[in-house]
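Reading the structure
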Protein chains: 2
Amino acid sequence: MNCLTKLNGAARHNRSCLCIGLDPEPEKLPAGASVTDFCREIIGATYDLVCAYKPNIAFFEALGSSGWSVLKDVIEAVPRNIPVILDAKRGDIGNTARAYARAAFDELGADAVTVNPYLGRDSIEPFFEYRDKAVFVLCRTSNPGAADFQSIESNGKPLYQIVADKVETWNRYGNLGLVAGATQPSELKAIRDAHPTLPLLIPGVGAQGGSLELAVKYGSSGGGLAVISVSRQVIYASSGTDYSQAARAAALLLRDEINQYLAA
Amino acid sequence: MNCLTKLNGAARHNRSCLCIGLDPEPEKLPAGASVTDFCREIIGATYDLVCAYKPNIAFFEALGSSGWSVLKDVIEAVPRNIPVILDAKRGDIGNTARAYARAAFDELGADAVTVNPYLGRDSIEPFFEYRDKAVFVLCRTSNPGAADFQSIESNGKPLYQIVADKVETWNRYGNLGLVAGATQPSELKAIRDAHPTLPLLIPGVGAQGGSLELAVKYGSSGGGLAVISVSRQVIYASSGTDYSQAARAAALLLRDEINQYLAA
């Protein structure tokens with residue numbers, strides 16, 4: 001099954017555009033909880049409230065040699081009807097990109113991956129040639145430094161729009177999407193206006209301060225799916241042993257708030 | 001010791017600007033050789049001929065759960081006076097970049113890392129704040145798709161030059177360098193002319209077709225170090241069991257050819 005079909009299916013089934021980012025930092029976990037147990041409990045408590053999970057590989061690499069198998073265990077704990085978007089932001093030349101794609105899709109079993117566009121088409125193609133997988137290309141990111149390069153203009157068009165336009169032309173298998181942060185709503189709107197049907201992965205609400213209302217409003221106009229990704233606000237909703245119940249409560253609130261904005 | 005001091009020291013000691021890229025692909029190894037043994041033997045046969053080794057993390061990730069410890073073993077096999085540049089091309093928002101930096105420097109023990117500039121300053125800062133480490137920022141890459149975005153112009157200046165200029169302004173600890181491919185010599189020359197002293201990591205000769213002579217000529221003008229990175233041409237010099245001797249012979253030829261061009 002095409003990953004975007006699965007993503008849309010999970011969104012419909014759970015009436016949810018919420019994606020939970022799994023960014024486990026050992027120093028933030030409740031005493032005694034392992035990363036694997038922590039993530040599994042979060043998944044177990046929220047899988048009927050989300051359209052996807054997004055583990056960020058950096059937090060697993062930071063665990064050292066056990067990180068890879070912990071990440072694999074976490075991915076395997078996700079129910080199979082819920083897609084796993086591996087937040088990897090990879091980008092390298094052709095033969096290396098193929099190795100990264102093998103790692104993400106064949107070794108880890110992710111359904112989708114985030115990639116960085118700086119190296120151009122041949123750095124992304126080895127990922128989107130997995131036609132049953134999806135690839136979200138960084139377009140306008142949510143961090144303060146994003147404007148350093150993404151907002152430089154060429155012939156009146158900012159780089160992030162040039163990236164979005166190229167991604168649309170590369171989308172021959174219909175499995176590409178964009179990452180567009182919620183922290184710059186006007187830029188999110190411009191991306192959605194220019195590309196009404198591409199799925200958007202939208203980080204930046206919650207701890208990063210982006211407006212959830214504007215993220216939903218601008219992200220969902222045009223008919224393309226808007227996947228709202230929230231990490232810290234959900235997974236660290238409580239620092240106590242009740243973290244999974246607290247995560248469920250936070251996810252429920254977010255899902256319902258998103259649905260309210262969608263209905264508005 | 002600052003990593004760039006170590007890099008310059010190794011270059012002087014071995015009279016070499018050659019960096020060997022360690023990109024082990026299991027299907028290309030001689031029958032029976034493990035990735036660890038293959039890399040260790042290459043290192044053992046060449047460490048007096050190089051200024052650095054550059055393992056690309058993608059090829060280790062593609063091994064699955066054993067990849068991380070294989071990579072760590074390979075890094076530990078490098079003599080301590082030779083720096084290890086981890087080719088990771090990472091780039092993510094602040095808290096995630098910190099996790100990647102911890103993984104590269106604290107967990108794996110690399111001396112330097114390559115990073116992707118698309119997310120801007122706060123995605124790179126967590127790496128260069130390790131003041132005894134070095135950070136090579138992708139500027140003009142060696143692959144065919146590089147021009148897709150790196151060559152778009154803003155006010156007459158291509159993106160890769162805008163990136164190079166920013167990196168120079170961020171270089172307050174003197175531990176930054178640039179990645180500039182050999183496949184576009186005129187762009188390599190433009191980068192070096194604008195930034196005479198920044199160390200350059202130059203991939204793209206050998207299997208990718210860039211001219212070694214021009215890479216050395218343009219890369220070394222101005223006084224900044226030019227690190228010429230070659231992978232496949234050295235590590236796969238023979239597909240037989242004599243691969244380490246063949247790698248040594250290839251590395252020796254390359255080192256001497258580089259030195260001839262430097263003397264010219």
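Residues numbered from 1 in each chain as written. Chains lettered and ligands numbered in written order. Predicted model: local features only at pLDDT ≥ 70, side-chain atom pairs only at ≥ 80, totals over all residues. Heavy atoms only, no water.

**Description of the overall build of chain A**
Regarding its fold elements, chain A presents twelve helices and ten strands. For chain A, the C-alpha atoms occupy an extent of roughly 55 × 45 × 35 Å along the three principal directions. Residues counted as buried form 62% of the 264 residues belonging to chain A. Within chain A, contacts between residues separated by at least 24 positions form 73% of all contacts whose residues are at least 6 apart in sequence. In the structure as shown, chain A presents an accessible area of about 9,100 Å², 47% of it carried by carbon and sulfur atoms. Each charge class in chain A can be summarised by its mean position, and for the 25 positive and 28 negative side chains these summaries are 5 Å apart. (Helix = DSSP H or I, 4+ residues; strand = E, 2+ residues; numbered from the N terminus. Buried < 20%, exposed > 50% of the residue type's maximum accessible area, 1.4 Å probe, protein only. Contact = heavy atoms within 4.5 Å. Areas by Shrake-Rupley, 256 points an atom, 1.4 Å probe, with all protein chains shown as cover. Lys, Arg positive; Asp, Glu negative; His and termini not counted. Charge placed at Lys NZ, Arg CZ, Asp CG, Glu CD.)

**Structural notes on the side chain of Asn175 of chain B**
All names here are of chain B. With respect to the element layout, Asn175 can be found in the loop between helix H8 (159-170) and strand E8 (176-180). We classify Asn175 as buried; its relative accessible area is 0%. Engagement of the side chain of Asn175 in a polar contact is seen with the backbone oxygen of Tyr130, the distance being 3.2 Å. Excluding residues within four positions of it along the chain, Asn175 makes contact with Asn2, Leu4, Phe128, Tyr130, Arg131, Lys133, Ala134 and Val135. (Polar contact = N/O pair within 3.5 Å; in protein donor to acceptor, adjacent residues only side chain to side chain.)

**Let's talk about the pairing of strand E1 (residues 18-22) of chain B**
Residue and element names in this part refer to chain B. With five of five residues buried, E1 lies mostly within the body of the structure. Alternating residues of E1 divide into Leu18, Ile20 and Leu22 and Cys19 and Gly21, and every residue in both groups is buried. Alignment of E1 against strand E10 (residues 226-230), held across three bridges, turns out to be parallel. Bridge pairing in E10 places Cys19 opposite Ser229. In this sheet, strand E2 (residues 52-55) lies alongside E1 in parallel orientation, the contact comprising four bridges. Directly across from Leu22, in E2, lies its bridge partner Pro55. Of the crossover connections in this fold, the one passing from E1 over helix H2 (residues 35-46) to the parallel E2 is right-handed. (Pairing = 2+ DSSP bridges. Right-handed = clockwise from strand over helix to strand, strands pointing away.)

**Here's the deal with the relation of the copies chain A and chain B**
With an RMSD of 0.0 Å, the operation that places chain A on chain B is a rotation of 180 degrees combined with a shift of 0.0 Å along the axis. When the rotation and shift are considered jointly, the pair of chain copies conforms to a two-fold rotation axis. The rotation axis passes nearest to the C-alpha of Ser154 of chain A in chain A, at a distance of 2.4 Å. The share of interface residues of chain A whose copies in chain B are also at the interface is 100%, consistent with both copies meeting through the same surface. (Least-squares fit on C-alpha atoms with pLDDT ≥ 70 in both.)

**Examining the UniProt feature "active site" (unreviewed entry) in chain A**
The positions UniProt marks with the feature "active site" (unreviewed entry) are Lys89 of chain A. Looking at the secondary structure, you find Lys89 of chain A in strand E3 (residues 85-90). Beyond its immediate chain neighbours, meaning those up to four positions away, Lys89 of chain A contacts Asn56, Thr114, Val115, Asn116 and Leu138 of chain A together with Gly91 and Asp92 of chain B. Side-chain polar atoms of Lys89 of chain A contact the side chain of Asp87 of chain A, separated by 2.8 Å. (UniProt positions renumbered as here; feature names shortened; annotations may be inferred.)

**Quick notes on the packing of aromatic side chains**
Between two aromatic rings, the relevant description is the distance of the centres plus the angle of the planes. Under the criterion given, the structure shown has twelve aromatic pairs over all chains. Residues Phe38 of chain B and Tyr236 of chain B carry aromatic rings whose centres are separated by 6.0 Å and whose planes lie at 20 degrees to one another, so their mutual orientation is stacked. Here the residue Phe38 of chain B occupies a position in helix H2, and Tyr236 of chain B occupies one in the loop between helix H11 (232-235) and helix H12 (243-263), the gap between them amounting to 198 residues. For the pair shown, Phe38 of chain B and Tyr236 of chain B are each scored as buried. Ring centres of Phe105 of chain B and Tyr130 of chain B lie 4.8 Å apart, and the angle between their planes is 55 degrees; this geometry places the pair in the tilted category. Placement of the pair is Phe105 of chain B in helix H5 (residues 94-107) and Tyr130 of chain B in the loop between helix H6 (121-128) and strand E5 (134-140), with a sequence separation of 25 residues. Classification of Phe105 of chain B by relative accessible area gives buried; the value is 4%. By way of ring pairs, the aromatic residues Phe38, Tyr236 and Tyr243 of chain A are connected into one cluster. (Phe/Tyr/Trp six-rings, centres within 6.5 Å; stacked < 30°, edge-to-face > 60°.)

**Digging into the UniProt feature "domain: Orotidine 5'-phosphate decarboxylase" (unreviewed entry) in chain A**
According to UniProt, the positions carrying the feature "domain: Orotidine 5'-phosphate decarboxylase" (unreviewed entry) are residues 17-247 of chain A. Note that residues 17-247 of chain A is 40% helix and 19% strand, and that its end C-alpha atoms are spaced 16 Å apart.

**Topic: the sheet that holds E5 of chain B**
Residue and element names in this part refer to chain B. As summarised here, the arrangement of the eight strands in space is E2-E1-E10-E9-E8-E5-E4-E3, forming an open sheet in which the pairing is parallel. The open sheet is flanked by E2 and strand E3 (85-90), the only strands paired with a single partner. Within this sheet the neighbouring strands show an average axis-to-axis angle of 30 degrees, counted without direction. Where E3 lies against strand E4 (residues 112-115), three bridges are found, and the strand directions are parallel. From the neighbouring strand, Leu86 faces E4, where its bridge partner is Val113. Sheet strands touched by H5: E3, E4 and E5. Its angle to E4, the strand with the most contacts, is close to 145 degrees. H6 contacts E3, E4, E5 and E8 of the sheet and is inclined by roughly 150 degrees relative to E5. (Axes fitted to C-alpha atoms, helices over the stretch in contact; angles between N-to-C directions.)

**Some points on helix H6 (residues 121-128) of chain A**
Most of H6 of chain A sits out of view: seven of its eight residues are buried. Elements that come into contact with the buried residues of H6 of chain A comprise E3, helix H5 (94-107), strand E4 (112-115), strand E5 (134-140), helix H8 (159-170) and strand E8 (176-180) of chain A.

**Let's talk about the packing of H2 of chain B against helix H4 (residues 67-76) of chain B**
All names here are of chain B. At a closest axis distance of 9 Å, the pairing of H2 and H4 adopts a crossing angle of 15 degrees. What the angle tells us is that H2 and H4 run roughly parallel. Relative to H4, the crossing made by H2 is right-handed. For the pair H2 and H4, the contacting residues are Val35, Thr36, Cys39, Arg40 and Ile43 in the first and Val70, Asp73 and Val74 in the second. Residue classes in the contact of H2 with H4 are distributed as five nonpolar, one polar and two charged. (Parallel < 35°, antiparallel > 145°, perpendicular 65-115°, else oblique. Left-handed = near helix turned anticlockwise from the far one by under 90°. Nonpolar A, V, L, I, M, F, W, Y, C, P; charged D, E, K, R; others polar.)

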